[in-house]
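# Architecture at a glance
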Amino acid sequence: MTGIILWFFKLKVPDRVYQWVLLTHAFAFVVISVMFLLHFYLRTLHPTFDESLSSMLDGKVSTTYALKHYSKWYKR
């Protein structure tokens, strides 16, 4: 939404509103960039991501993963 305002309505909104939209747009860019880098790291470099993803998709984990991450649940 902020990009649309910056692109199409630059001359139609008051300067004060434009400055807030610009600040919000920059803040959103930083947040999205950090989240992208975090997810990129988790997918490419994190050693247990594949097992974590499969546990979210089908609910199954190996016994070693369950013992390491959910020891109380595994022991029950």
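Residues numbered from 1 in each chain as written. Predicted model: local features only at pLDDT ≥ 70, side-chain atom pairs only at ≥ 80, totals over all residues. Heavy atoms only, no water.

### A word on the overall build of the protein
Broken down by element type, the protein carries 5 helices and 0 strands. For the protein, the succession of helices and strands along the chain, N to C, is α-α-α-α-α. Its C-alpha atoms give the protein a radius of gyration of 22 Å, clearly above 11 Å, the size a compact globule of 76 residues would have. Projected onto the principal axes, the alpha-carbon positions of the protein cover approximately 65 × 25 × 20 Å. Split into buried and exposed, the 76 residues of the protein put 9% on the buried side. For the protein, the distance from the average site of its 9 positive side-chain charges to the average site of its 4 negative ones is 7 Å. (Helix = DSSP H or I, 4+ residues; strand = E, 2+ residues; numbered from the N terminus. Rg over C-alpha atoms; globule rule 2.2 N^0.38 Å. Buried < 20%, exposed > 50% of the residue type's maximum accessible area, 1.4 Å probe, protein only. Lys, Arg positive; Asp, Glu negative; His and termini not counted. Charge placed at Lys NZ, Arg CZ, Asp CG, Glu CD.)

### Focus on the pattern of salt bridges
It is possible for side chains of opposite charge to pair when their charged atoms get near one another. Applying the stated criterion across every chain yields a total of 1 salt bridge. The partner of Arg-43 in a salt bridge is Asp-50, with the nearest N and O atoms 2.7 Å apart. For Arg-43, a relative accessible area of 46% translates into the label partly exposed. (Salt bridge = Lys/Arg side-chain N within 4 Å of Asp/Glu carboxyl O.)

### Considerations on the confidence of the model for the protein
Detailed reading of the predicted coordinates is not advisable wherever pLDDT falls low. Chain-level pLDDT for the protein is 89 on average; 100% of the residues reach the 70-or-more range. Of all helices and strands in the protein, the one with the weakest mean pLDDT is helix H3 (residues 49-58) (84), whereas helix H2 (residues 15-44) scores best (94). (pLDDT = per-residue confidence, 0-100.)

### Things to note about the environment of Ala-26
Looking at where Ala-26 falls in the secondary structure, it is placed in helix H2. Judged by relative accessible area, which is 41%, Ala-26 ranks as partly exposed.

### Focus: the packing of aromatic side chains
Using the criterion set out here, one finds 4 aromatic pairs in the structure. Arranged with centres 6.4 Å apart and planes meeting at 65 degrees, the rings of Tyr-65 and Tyr-70 form a pair that is edge-to-face. Ring-pair connections join several aromatic residues into one group, and the members of that group are Tyr-65, Tyr-70 and Trp-73. (Phe/Tyr/Trp six-rings, centres within 6.5 Å; stacked < 30°, edge-to-face > 60°.)

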